[in-house]
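Coordinate inspection notes
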Amino acid sequence: MEAATAPEVAAGSKLKVKEVSPADAEPPQASPGQGAGSPTPQLLPPIEEHPKIWLPRALRQTYIRKVGDTVNLLIPFQGKPKPQAIWTHDGCALDTSRVSVRNGERDSILFIREAQRADSGRYQLRVQLGGLEATATIDILVIERPGPPQSIKLVDVWGFNATLEWTPPQDTGNTTLLGYTVQKADTKSGLWFTVLEHYHRTSCIISDLIIGNSYAFRVFAENQCGLSETAPITTDLAHIQKAATVYKTKGFAQRDFSEAPKFTQPLADCTTVTGYNTQLFCCVRASPRPKIIWLKNKMDIQGNPKYRALTHLGICSLEIRKPGPFDGGIYTCKAVNPLGEASVDCRVDVKVPN
């Protein structure tokens, strides 16, 4: 059960002053026949605080509830002495069999146990004190799920496509429609799958249907409460026929990707310090896959445990483990395949730390 209790001044709250005639303004005078023992008329107590309504922010716009929900509105007001609070629904008195009101010293509560669509409308609270009056207006909208579209028709089927048309529902659930949800089901599985959501038109084209299958379609209406409980289904099935199309394939010329080795990234000269591992990198492109040979000063270093050579996706690397002063020199990476060979060089200097 929700209650709007934020004490905020309503934009629609108004203060009215009732007109008082001069005769009403004069104090009552005793008639000549009135004796000394006649009762003295009682005067109204002075107004210490003008009536004013504090309408919560949530109620300044249309207050929306679903059918069956509870409506519990707490409206704070001011006025001293205690003012009189009067509620009306669309300008008429409330139906006490459905709506109950409790008026306190500083607030008024409007309560509906199970809201129905007939409870929608404009509710007005009037707070009266003497000749002064404050008013506030609250718009309540009670909604429910919409009814189903009135009919659905399979208009046309061609290729892998089908065209559908339908008419809007007679009952929108007391609110505007958000759109339609279109579903399809093939006769083999019988399972429904959604193909369109929040669709606003009353006709559509369903594409990408499978050749050889037969399809049925249905359409749900949707509003703020959700989808309609039922949906009309097409009486005719959409049969996707197999087309007698003969495809002539053209001969495919196999492309030759063979290529002699070619380095796309050369080796770079570097300087290192004694005892620190050093790595050399280069990139090569070739087809078929080339054989990679590493040389130092034109001498093959394959199999030497001091060096570790790796090749992956054309990236070649050589790690020199803890180089010493005699590991400096010219390093060469050579790539060889049946179509040719290529090589790149770099200079490595090894310095002894001071």
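Residues numbered from 1 in each chain as written. Predicted model: local features only at pLDDT ≥ 70, side-chain atom pairs only at ≥ 80, totals over all residues. Heavy atoms only, no water.

Named according to an unreviewed UniProt entry, the protein chain is Myosin-binding protein H-like originating from Rhinopithecus bieti. Its UniProt record gives the protein chain a comment under Subcellular location (unreviewed entry), which states: "Cytoplasm, Myofibril, Sarcomere". On record in UniProt, under Function (unreviewed entry), the comment for the protein chain is "Myosin-binding protein which plays a role in cardiac function. Seems to regulate conduction in the atria and ventricular conduction systems." (UniProt positions renumbered as here; feature names shortened; annotations may be inferred.)

Turning to the overall build of the protein chain, a few remarks are in order. Helix and strand counts for the protein chain come out as 1 helix and 27 strands. Residues classed as buried in the protein chain amount to 36% of the 354 residues present. Accessible area for the protein chain stands at about 22,300 Å²; split by element, carbon and sulfur atoms hold 52% of it. (Helix = DSSP H or I, 4+ residues; strand = E, 2+ residues; numbered from the N terminus. Buried < 20%, exposed > 50% of the residue type's maximum accessible area, 1.4 Å probe, protein only. Areas by Shrake-Rupley, 256 points an atom, 1.4 Å probe, with all protein chains shown as cover.)

Locating N213 in the fold gives a position in the loop between strand 15 (203-206) and strand 16 (214-223). The class for N213 is buried, based on a relative accessible area of 8%. Within the local environment of N213, its side chain forms a polar contact with the side chain of K188, the two groups lying 3.1 Å apart. Apart from residues lying up to four places away in sequence, N213 is in contact with D186, K188, A238, H239 and I240. (Polar contact = N/O pair within 3.5 Å; in protein donor to acceptor, adjacent residues only side chain to side chain. Contact = heavy atoms within 4.5 Å.)

Here we come to the packing of aromatic side chains. For the coordinates displayed, the defined rule picks out 4 aromatic pairs. Seen from their ring centres, W166 and Y199 are 6.3 Å apart, and the 55 degrees between their planes marks the pair as tilted. One end of the pair, W166, is in strand 12 (residues 161-167); the other, Y199, is in strand 14 (residues 192-199), and 33 residues separate them in sequence. Cluster of aromatic residues (ring-pair linked, three or more members): W166, Y180 and Y199. Here R218 stacks its cationic end above the ring of W192, 4.3 Å away from the centre of that ring. (Phe/Tyr/Trp six-rings, centres within 6.5 Å; stacked < 30°, edge-to-face > 60°. Lys NZ or Arg CZ within 6 Å of the ring centre and 35° of its normal.)

Quick look at the sheet that holds strand 4 (residues 71-80) now. Sheets are built from strands paired through backbone hydrogen bonds, the pairs being either parallel or antiparallel. Strand order in the open sheet formed by 4 strands is 2-4-8-7, with antiparallel pairing between adjacent strands. Each of the sheet's edge strands pairs with one partner strand only, and the pair in question is strand 2 (49-53) and strand 7 (99-103). Within the sheet, the average angular offset between the axes of one strand and its neighbour, ignoring direction, is 20 degrees. (Pairing = 2+ DSSP bridges. Axes fitted to C-alpha atoms, helices over the stretch in contact; angles between N-to-C directions.)

It is worth spelling out the pairing of strand 24 (residues 307-312) at this point. The sheet contact formed by strand 24 and strand 25 (residues 315-320) spans 6 bridges and is antiparallel. Residue pairing for strand 25: T311 is matched across the bridge by C316. Here strand 24 folds back onto strand 25, and the loop between the two strands holds 2 residues, one of which, L313, carries a positive phi near 55 degrees.

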